[in-house]
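If you want the building blocks of each chain, they are given just below.
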Amino acid sequence: MLYKNRLMTPGPTEVPPTVLAEAAKPVIHHRTPQFRKILTELLAQLKEIFLTSNDILVFPAAGTGGMESAVSNLCSPGDHILVASCGNFGNRWTDIAKAFGVTSEHYEVEWGQAVDPQEVAKRLAANPKIKAVYTTLSETSTGIETDIQAIGEIVAKTPAVLVVDAISGLGAIPMKSDAWHADVVVAGAQKGFMIPPGLALIAISDKAWDAAKQSTLPKFYFSWEKARKSLKAEALADTPYTPSVSLILQLAESVRLIRQEGLEAIWQRHARLARATRVAMEALGLKLFAAAQPSNAVTSIWVPEGVDGGKLVKTIRDVYGITLAGGQGKIKGKIFRIGHLGYADDWDVIATVAAVERVLAEQNYSVHLGDGTAAAEKILFQS
Ligand SMILES: Cc1ncc(COP(=O)(O)O)c(C=O)c1O
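Structure report, in brief. (Residues numbered from 1 in each chain as written. Predicted model: local features only at pLDDT ≥ 70, side-chain atom pairs only at ≥ 80, totals over all residues. Heavy atoms only, no water.)

1. A short note on the packing of aromatic side chains
Right, on to step 1. Counted under the stated rule, the structure contains 11 aromatic pairs.
Right, on to step 2. Centre to centre, the rings of Phe 289 and Trp 302 are 4.9 Å apart; their planes meet at 75°, and the pair counts as edge-to-face. On the criterion of sequence distance, the pair formed by Phe 289 in the loop between helix H10 (263–283) and strand E11 (298–302) and Trp 302 in strand E11 is long-range, its members being 13 residues apart.
Right, on to step 3. Classification of Phe 289 as buried rests on a relative accessible area of 8%.
Right, on to step 4. Three or more aromatic residues joined by ring pairs form one cluster here, namely Phe 59, Phe 220, Tyr 221, Phe 222 and Tyr 241.
Right, on to step 5. In this structure, Lys 226 is placed above the aromatic ring of Phe 220, and the distance from its NZ or CZ to the ring centre is 3.5 Å.
Right, on to step 6. Stacked on the ring of Trp 209, the Lys or Arg Arg 228 has its end atom at 3.7 Å from the ring centre. (Phe/Tyr/Trp six-rings, centres within 6.5 Å; stacked < 30°, edge-to-face > 60°. Helix = DSSP H or I, 4+ residues; strand = E, 2+ residues; numbered from the N terminus. Buried < 20%, exposed > 50% of the residue type's maximum accessible area, 1.4 Å probe, protein only. Lys NZ or Arg CZ within 6 Å of the ring centre and 35° of its normal.)

This is the structure:
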């Protein structure tokens with residue numbers, strides 16, 4: 001049987017056809033007015049999506065490269081930072097800090113729960129040495145959304161800078177960088193931006209640039225200062241090293257699509273798809289893992305008793321063509337995750353719900369085929 005491949009993971013996501021087509025264009029040289037004009041316009045338009053007036057730097061890297069740069073450019077050896085984590089990606093901040101000899105006060109909530117902004121306030125008040133607070137907008141490993149607005153209001157009243165990993169959230173769920181006082185916002189390519197993996201995008205506030213001036217940690221390729229110099233030296237933007245020319249062209253096309261649909265409309269689409277997914281899973285008798293503050297980018301679901309979580313994800317992918325994600329770290333095998341992020345529509349959700357129903361039934365889980373899809377359709381087609 002032929003099944004189309006559908007990428008319903010929380011990154012990489014599917015790529016729209018016109019974005020794919022950009023990669024097939026001949027490579028142009030990056031030190032030309034032609035490329036630099038595209039880059040200059042793109043960087044200006046990205047500000048509308050980050051909702052910031054700050055400059056945005058682009059590095060050819062996975063999102064983690066952008067995260068690493070937010071430690072190496074802001075901190076010095078022995079500095080204290082606070083990491084507010086609710087999962088695997090939040091914990092990555094502490095791992096990076098450790099690698100650079102930075103002391104991380106690690107505040108981690110039980111996975112499936114959300115970070116408490118008041119706890120961030122308490123810890124900041126108790127430790128005035130904290131130079132920066134690092135957290136995650138959409139914690140992909142658990143499906144939780146963090147209240148960045150509340151944390152931003154708290155951190156803004158202190159000398160510390162707020163650094164947000166918005167890699168899997170930006171462009172899908174609200175992230176109001178300036179209004180929420182997020183000083184450093186790191187985004188990735190392969191999520192809300194709907195392009196293949198390989199770009200890290202970083203918005204940096206004046207407060208963060210001031211902090212960066214004090215930083216003595218080693219940096220070269222990921223030096224923000226070098227990147228900013230190239231950006232600003234002339235009227236047209238430039239990069240210190242060879243940029244990912246084709247990915248930049250793809251990003252320019254995806255940004256065109258994002259502006260065409262509109263940011264608010266995109267947030268609403270993600271909210272609808274997420275709600276339909278959640279309601280469908282509950283209609284099948286499944287329990288949501290991130291019940292409290294679920295992210296509209298990804299839905300995480302407990303694997304029910306008697307079902308093999310690994311086999312569930314593998315069968316849906318290998319037999320029915322739909323790639324979901326399993327659990328990570330300590331919840332591996334215990335949950336599965338459905339990404340409804342980026343280039344995803346109603347039919348993707350319905351197909352995914354139908355596949356989950358079918359494979360649950362194949363694993364002898366008591367399910368009535370059609371209950372999940374009916375519940376999803378009710379949300380999708382009556383609103
Ligand atoms: C919230 C979050 N942070 C960081 C990352 C890491 O991004 P990358 O794999 O591009 O380094 C991911 C990727 O899944 C993510 O979802």
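2. Here we look at the layout of surface pockets
Right, on to step 1. There is about 230 Å³ of room inside the largest pocket.
Right, on to step 2. Forming the walls of the largest pocket are 15 residues, and the residues nearest its centre are Pro 16, Met 194, Gly 342, Tyr 343 and Ala 344.
Right, on to step 3. Of the residues that constitute the lining of the largest pocket, the class distribution is eight nonpolar, two polar and five charged.
Right, on to step 4. Lining the second largest pocket are 14 residues, and of these Thr 64, Phe 89, Arg 92, Ile 167 and Lys 191 lie nearest its centre.
Right, on to step 5. Of all elements in the fold, only helix H3 (63–72) and helix H4 (88–99) reach the threshold of two or more residues within the lining of the second largest pocket.
Right, on to step 6. Tallying contributions element by element places H3 first for the lining of the second largest pocket, with three residues.
Right, on to step 7. For the lining of the second largest pocket, the residue count by class is four nonpolar, seven polar and three charged. (1 Å grid on protein atoms, 1.4 Å probe; cavity = no way out; pocket = protein on both sides within 12 Å on 5 of 7 lines; lining within 4 Å. Points joined across faces, edges and corners; volume = space filled by probe spheres on them. Nonpolar A, V, L, I, M, F, W, Y, C, P; charged D, E, K, R; others polar.)

3. Observations regarding the site of the ligand
Right, on to step 1. In the neighbourhood of the ligand, 14 residues make up the surrounding shell, with Gly 63, Thr 64, Thr 140, Asp 165 and Lys 191 lying closest.
Right, on to step 2. At 2.4 Å from an oxygen atom of the ligand is found a side-chain nitrogen or oxygen belonging to Thr 140.
Right, on to step 3. Its atoms largely coinciding with the cavity grid, the ligand occupies the second largest pocket.
Right, on to step 4. Mapped onto the shell around the ligand, the elements with two or more residues apiece are H3 and H4.
Right, on to step 5. Class assignment of the residues belonging to the shell around the ligand gives a composition of four nonpolar, seven polar and three charged. (Near = heavy atom within 4 Å. Polar contact = N/O pair within 3.5 Å; in protein donor to acceptor, adjacent residues only side chain to side chain. Sits in = over half its atoms within 2 Å of the grid points.)

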